[in-house]
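Results of the structural survey
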Amino acid sequence: MAHTGRTAGRLGEGDWDGKVSEIKKKIKSILPGRSCDLLQDTSHLPPEHSDVVIVGGGVLGLSVAYWLKKLESRRGAIRVLVVERDHTYSQASTGLSVGGICQQFSLPENIQLSLFSASFLRNINEYLAVVDAPPLDLRFSPSGYLLLASEKDAAAMESNVKVQRQVGAKISLMSPDQLRNKFPWINTEGVALASYGMEDEGWFDPWCLLQGLRRKVQSLGVLFCQGEVTRFVSSSQRMLTTDDKAVVLKRIHKVHVKMDCSLEYQPVECAIVVNAAGAWSAQIAALAGIGEGPPGTLQGTKLPVEPRKRYVYVWHCPQGPGLETPLVADTSGAYFRREGLGSNYLGGRSPTEQEEPDPANLEVDHDFFQDKVWPHLALRIPAFETLKVQSAWASYYDYNTFDQNGVVGPHPLVANMYFATGFSGHGLQQAPGVGRAVAEMILKGRFQTIDLSPFLFTRFYLGEKIQENNII
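A brief report on the enclosed structure follows. Predicted, not measured: the structure shown is a model, and the values here were computed from it. (Residues numbered from 1 in each chain as written. Predicted model: local features only at pLDDT ≥ 70, side-chain atom pairs only at ≥ 80, totals over all residues. Heavy atoms only, no water.)

The next thing to look at is the pattern of salt bridges. For side chains bearing opposite charge, pairing can occur when the charged atoms are close. Scanning the model with the defined rule gives 9 salt bridges in all. Measuring nitrogen to oxygen at the nearest pair gives 3.3 Å for the salt bridge that ties K152 to D153. A relative accessible area of 71% places K152 in the exposed class. With a relative accessible area of 28%, D153 lands in the partly exposed category. Here E306 makes a salt bridge to R308, at a shortest N to O gap of 2.8 Å. Classification of E306 by relative accessible area gives partly exposed; the value is 31%. Given the relative accessible area of 18%, R308 is considered buried. (Salt bridge = Lys/Arg side-chain N within 4 Å of Asp/Glu carboxyl O. Buried < 20%, exposed > 50% of the residue type's maximum accessible area, 1.4 Å probe, protein only.)

A separate point is the packing of aromatic side chains. Geometrically, a pair of aromatic rings is defined through the distance of the ring centres and the angle of the planes. Taken as a whole and judged by the stated rule, the model has 15 aromatic pairs. Ring geometry for W67 versus F120: centroids 6.4 Å apart, planes at 50°, classification tilted. You can see W67 sitting in helix α2 (residues 59-71) and its partner F120 sitting in helix α3 (residues 108-122), a full 53 residues away along the chain. In this pair, the class of W67 matches that of F120, namely buried. An angle of 65° between the planes, with centres 6.2 Å apart, marks the rings of W67 and Y127 as edge-to-face. Separated by 60 residues along the polypeptide, W67 in helix α2 and Y127 in helix α4 (residues 124-128) bring together distant segments of the chain. (Phe/Tyr/Trp six-rings, centres within 6.5 Å; stacked < 30°, edge-to-face > 60°. Helix = DSSP H or I, 4+ residues; strand = E, 2+ residues; numbered from the N terminus.)

Our next topic: the packing of α3 against helix α5 (residues 154-167). α5 packs onto α3 with a crossing angle of 50° between their chain directions and a minimal axis gap of 10 Å. Between α3 and α5, the angle is such that the two are oblique. Where α3 crosses over α5, the two elements pack in a sense that is right-handed. On α5, the residues touching P108, I111, Q112 and L115 of α3 are V163, Q164 and V167. Looking at the contact of α3 with α5 residue by residue, the class counts come to 5 nonpolar, 2 polar and no charged. (Axes fitted to C-alpha atoms, helices over the stretch in contact; angles between N-to-C directions. Parallel < 35°, antiparallel > 145°, perpendicular 65-115°, else oblique. Left-handed = near helix turned anticlockwise from the far one by under 90°. Contact = heavy atoms within 4.5 Å. Nonpolar A, V, L, I, M, F, W, Y, C, P; charged D, E, K, R; others polar.)

Between its terminal C-alpha atoms α2 stretches 18 Å, which fits the 18 Å expected from 13 residues at 1.5 Å a residue. For α2, the buried fraction is high: 11 of the 13 residues fall into the buried class. Among the residues making up α2, those that are buried are V59, L60, G61, L62, S63, V64, A65, Y66, W67, L68 and K69. (Expected span 1.5 Å × (residues − 1).)

See the structure below:
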């Protein structure tokens, strides 16, 4: 009777033999020289080989991937891997951007890039359509940018507009009287001249562009991996320059990718590495040994890109005639936008340029808006005295401390590392053209459609800044 009711839980003889056999198989599988079935699932790992590894899966990295596949000699000729550590894009610059696009730059290269981007955005489904997938709706609103200049800056604005028109941008100049007639709610005191984009300027949905690019490149066979690049394995060769100075040439052979929330990593053999890591691209460059040399030498020249923080504020203005709809301000460019008008720059350089938000975290400092941004808005548009902030968020962007312009193309010493970074707040709007330029350089050895030679890394060593007067 003591055993009654317990026999039901016992294994039968056949069941026991089967259990023992299963245990023996598992023991054998972990003996030296054998692999354990439990360790064979490598689906989360990147491939062991890839022709191109792109570090950074934001819109710039995805644009490079897209154009590499678009321009490859035959379908499947190039294997491309994109490594992105934030698969949710919750802190990615792209998704947190305002999504503005403007052609009112002073450098022809920047104007050309933005003109191509406008064409790309207008024809987005010709570029990024995927069979059996719904069409993309970027909500592209080409309503124009309005820039204001004082008497001191009026000549420079006229010169800039002349260049913009020569390149193909449709920009009009307005006197203070014309400005008041078109926008009667603007205080024109101190304004000597204004420039207004008549076509292909405004804003779009950056999240839709990001997801559209990602969907398209996946359909083209691009591989994705959630992880972080922690190391490069490279070879070195000492060379003498024409003036008998020793330099060390490097070539990356493997990229070590650490898996998310794990100590596990996968080495990936590759031929090309594209550094599109945005605000963190200087760290990726340092992993490749860039900047590790005597100061003042090419080998000791670092990538001058660092994370900067910007705030985006959404507010409404209940007492402003025609201004009742939500508006947006972006502290990286000190402009605002609204439906039916477009983006309105406050004039000159950003009033916040000398007072950057603390980049230690992505917390929003609401006093920053109240103390640094709002007074400039209210001075120029008196109705903004009654504005009320509805929401706000912060994001990082890749700030080029040297000249605030992008870095595009190969490194002169680490020959197979290419850059697509450092655009200082206008990388999103120029991503389609930059991605194409990098792909051209990788596949053809030169820029073909837009010559971005001024954006090469070597300018940092030579001390040759390219001056852009309108970093917006």
